[in-house]
Amino acid sequence: MDDTPLPDVPNAARSYVQESGADLATLVKLADAGELRVRVAEHHPVGRVRAVHERFGAGGLAGKVVLLF
């Protein structure tokens, strides 16, 4: 578990998700209802997965990195 403080963003919350079809369905419902927002820093095609992994590992991103399939 990461103890890094959350950024100063109103209503920010830390969550940890494990692979689960039921949990994913719940997240989809929350996102569809506008109750879950995810900050996305960058989008990349899946063919760049190695470079994206290195970019994410370097830190400094203000959000998630999304791979597009």
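Residues numbered from 1 in each chain as written. Predicted model: local features only at pLDDT ≥ 70, side-chain atom pairs only at ≥ 80, totals over all residues. Heavy atoms only, no water.

## Thoughts on the side chain of His44
- Take His44: it is sitting in strand S1 (residues 40–45).
- What His44 contacts, discounting residues up to four positions off in sequence, is Val52, Val65, Val66, Leu67 and Leu68. (Helix = DSSP H or I, 4+ residues; strand = E, 2+ residues; numbered from the N terminus. Contact = heavy atoms within 4.5 Å.)

## Here we look at the pattern of salt bridges
- In the structure shown here, the tally under the stated rule is one salt bridge.
- Residue Arg55 is joined to Glu42 by a salt bridge in which the shortest nitrogen-to-oxygen separation is 3.0 Å. Taken together, the residues span a long stretch of sequence, with Arg55 in helix H2 (residues 49–58) and Glu42 in strand S1 at a distance of 13 residues. (Salt bridge = Lys/Arg side-chain N within 4 Å of Asp/Glu carboxyl O.)

## Structural notes on the side chain of Glu42
- For Glu42, a relative accessible area of 18% corresponds to the buried category.
- One polar contact links Glu42 to Arg55, side chain to side chain, over a distance of 3.0 Å. (Buried < 20%, exposed > 50% of the residue type's maximum accessible area, 1.4 Å probe, protein only. Polar contact = N/O pair within 3.5 Å; in protein donor to acceptor, adjacent residues only side chain to side chain.)

## A short note on the confidence of the model for the protein chain
- Counting all residues, the mean pLDDT for the protein chain is 84, and 90% of those residues have values of 70 or more.
- Mean pLDDT values for the elements of the protein chain range from 88 in H2 up to 92 in S1. (pLDDT = per-residue confidence, 0-100.)

## Overview of a nonpolar patch on the surface
- On the surface, a nonpolar cluster with roughly 280 Å² of combined accessible area is contributed by Leu30, Leu36, Val38 and Val40.
- With respect to the element layout, Leu36 can be found in the loop between helix H1 (21–32) and S1.
- With a relative accessible area of 31%, Leu36 lands in the partly exposed category. (Patch = residues over 30% accessible without salt bridge, like charges linked within 9 Å, V, L, I, M, F, W, Y side chains within 5 Å. Areas by Shrake-Rupley, 256 points an atom, 1.4 Å probe, with all protein chains shown as cover.)

## Here we look at the pairing of S1
- Examined bridge by bridge, S1 and strand S2 (residues 64–68) share five bridges and lie parallel to one another. Residue pairing across strands places Glu42 opposite Val65, the latter belonging to S2.
- The β-α-β motif built from S1, the intervening H2 and the parallel element S2 has right-handed crossover chirality. (Pairing = 2+ DSSP bridges. Right-handed = clockwise from strand over helix to strand, strands pointing away.)

## Side note on H1
- Taking 1.5 Å as the rise per residue, H1 with twelve residues should run 16 Å; its terminal C-alpha atoms sit 16 Å apart, in good agreement.
- Where H1 ends, the next residue or the one after it, Gly34, has phi of about 80 degrees, a positive value. (Expected span 1.5 Å × (residues − 1).)

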